[in-house]
Amino acid sequence: MARPNQARIDLAALRHNLGLARQLAPRSKAMAVVKANAYGHGALTVARELDPLVDALAVACLEEAQALRDAGINAPILLLEGVFEAAELEVAARQEIWITIDNELQLQWLESASPAQPLRCWLKLDTGMHRLGVPPDRAGKIYQRLRACRNAHPDIVLSTHFACADELRNDLTRAQLALFDDACRDLPGARSAANSAGVLAWPGSHYDWVRPGYMLYGNSPLDSDHPNTRALEPVMTLASAVISLRDVPTGETVGYGASWTAARPSRIATACIGYGDGYPRLAPNGTPVLVNGRRAGLAGRVSMDMITIDVTDLPGVSIGDEVILWGNGLPVGEIARHAGTIGYELTTRMPARTPRVVTVS
Ligand SMILES: *Cc1c(COP(=O)(O)O)cnc(C)c1O
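Cut-offs applied
- Residues numbered from 1 in each chain as written.
- Predicted model: local features only at pLDDT ≥ 70, side-chain atom pairs only at ≥ 80, totals over all residues.
- Heavy atoms only, no water.
- Helix = DSSP H or I, 4+ residues; strand = E, 2+ residues; numbered from the N terminus.
- Buried < 20%, exposed > 50% of the residue type's maximum accessible area, 1.4 Å probe, protein only.
- Contact = heavy atoms within 4.5 Å.
- Areas by Shrake-Rupley, 256 points an atom, 1.4 Å probe, with all protein chains shown as cover.
- Lys, Arg positive; Asp, Glu negative; His and termini not counted.
- Charge placed at Lys NZ, Arg CZ, Asp CG, Glu CD.
- 1 Å grid on protein atoms, 1.4 Å probe; cavity = no way out; pocket = protein on both sides within 12 Å on 5 of 7 lines; lining within 4 Å.
- Points joined across faces, edges and corners; volume = space filled by probe spheres on them.
- Nonpolar A, V, L, I, M, F, W, Y, C, P; charged D, E, K, R; others polar.
- Near = heavy atom within 4 Å.
- Polar contact = N/O pair within 3.5 Å; in protein donor to acceptor, adjacent residues only side chain to side chain.
- Pairing = 2+ DSSP bridges.

Caption draft 1: How the structure looks around the overall build of the protein. Of regular secondary structure, the protein possesses eleven helices and 18 strands. Its C-alpha atoms give the protein principal-axis dimensions of roughly 75 × 45 × 35 Å. A total of 361 residues make up the protein; the buried ones form 54% of that total. Put simply, 65% of the contacts in the protein that link residues at least 6 apart link residues at least 24 apart. Of the accessible surface of the protein, which amounts to about 15,400 Å², a share of 51% is contributed by carbon and sulfur atoms. Within the protein, one finds 35 positive and 38 negative side-chain charges whose respective centroids are separated by 1 Å.

Caption draft 2: Up close: empty space enclosed by the protein. As enumerated under the stated definition, the model contains two cavities of 30 Å³ or more in all. Every residue along the wall of the largest cavity is listed here: H41, Y217, N219, P234, V235, M236, W326, G327, L330, P331, V332 and T347. Residues of the lining of the largest cavity, tallied by class, amount to eight nonpolar, four polar and no charged. Of the voids in this model, the second largest cavity is the one considered here, and its volume is about 30 Å³. K124, L125, D126, M129, R131, L132, T160 and H161 together form the lining of the second largest cavity. For the lining of the second largest cavity, the per-class residue count stands at three nonpolar, two polar and three charged.

Caption draft 3: Structural view of the site of the ligand. Near the ligand you find 13 residues, and of these K35, Y39, S196, Y214 and Y344 are the closest. Within the side chain of H161, one N or O atom sits 3.5 Å away from a nitrogen atom of the ligand. For the ligand, a nitrogen atom lies 3.0 Å from a polar atom in the side chain of R211. For the ligand, whose free accessible area comes to 390 Å², the fraction covered by protein is 92%.

Caption draft 4: Fine view of the pairing of strand β10 (residues 236-248). Along β10, ten of the 13 residues are buried, which leaves the element largely enclosed by surrounding structure. Where strand β1 (residues 6-10) meets β10, four bridges bridge the pair, whose relative direction is antiparallel. Looking across to β10, one finds that I9 is bridged to M236. The sheet contact formed by β10 and strand β13 (residues 266-271) spans six bridges and is antiparallel. Its bridge partner lying in β13, S244 is registered against T270.

In structure tokens form, the structure reads like this:
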């Protein structure tokens with residue numbers, strides 16, 4: 001039998017989650033964020049499914065957009081960081097790739113370029129994230145320059161990005177919205193602010209375009225329970241199988257560093273998935289896994305190609321039994337909390353070594 005690891009990608013769940021985003025923001029256009037290989041899910045698979053269903057897609061850079069165009073994706077694609085050099089503008093203009101204008105140098109590049117046709121521009125305002133975007137008090141001036149630029153399409157979108165929208169009790173989101181409203185007050189054109197957390201928890205942030213990423217993959221970015229997250233369906237299920245079983249007497253240890261000690265006579269199952277397959281090495285003893293659909297905990301350190309699981313309380317486990325690392329019934333965010341990270345990182349770092357297998361539930 002082949003190595004049984006799979007990152008199963010459920011396209012019905014993907015469509016369902018997009019439907020939820022649309023339902024929560026019914027008056028907004030939807031831009032699906034598929035950067036970084038669609039957060040590890042497979043950019044082409046995800047973009048093909050979403051292409052006819054969304055108003056636009058978003059990626060980080062021209063290379064990512066180009067790969068989608070080359071595969072026949074038709075939706076407009078926004079570059080969330082804009083271009084990295086002036087030469088990229090001509091390539092973008094020819095293929096309905098939209099650009100972010102984040103700073104005045106990018107604006108100068110656009111002013112001095114000779115693209116085949118004017119580019120659609122999203123002018124980004126820095127309302128508090130302090131990573132990308134022009135200062136709100138310069139937005140009016142830069143907007144006028146963009147309007148006057150023959151290489152910019154006259155429909156300019158004003159956008160911003162939240163720093164803390166996942167934290168439901170953090171006041172920074174309201175402050176960012178107030179600053180955004182104030183800076184845009186006299187500027188015509190569509191607006192956009194909401195990431196997944198904005199779509200789910202901040203209806204005042206929806207404006208004309210929403211930009212969900214993480215929620216489309218079925219996971220909640222929010223720091224606490226919220227009714228709008230309950231209908232999310234995980235798109236990725238990471239699956240492996242038991243390849244070995246043993247009894248370990250009281251006092252014996254398991255794994256590298258002997259970091260787990262049997263406190264009782266224990267049954268240890270070894271599954272053939274490790275940090276080389278996208279499972280986080282920092283997941284500690286006790287991190288939950290599903291063996292035949294039932295919860296058990298890691299016992300011992302995560303190896304490159306294997307993990308060890310305490311199945312003492314799950315009688316009847318055999319070689320070949322299914323092990324689910326995250327997905328339905330075991331949110332990736334829960335594993336991430338154990339490993340000291342976020343679910344975004346776990347799915348995005350899924351290596352090519354783990355085959356993506358498309359399923360439609
Ligand atoms: C990545 C990104 C998003 C999507 O964020 P999620 O939290 O995944 O929904 C939206 N807007 C911008 C500018 C981004 O960089």
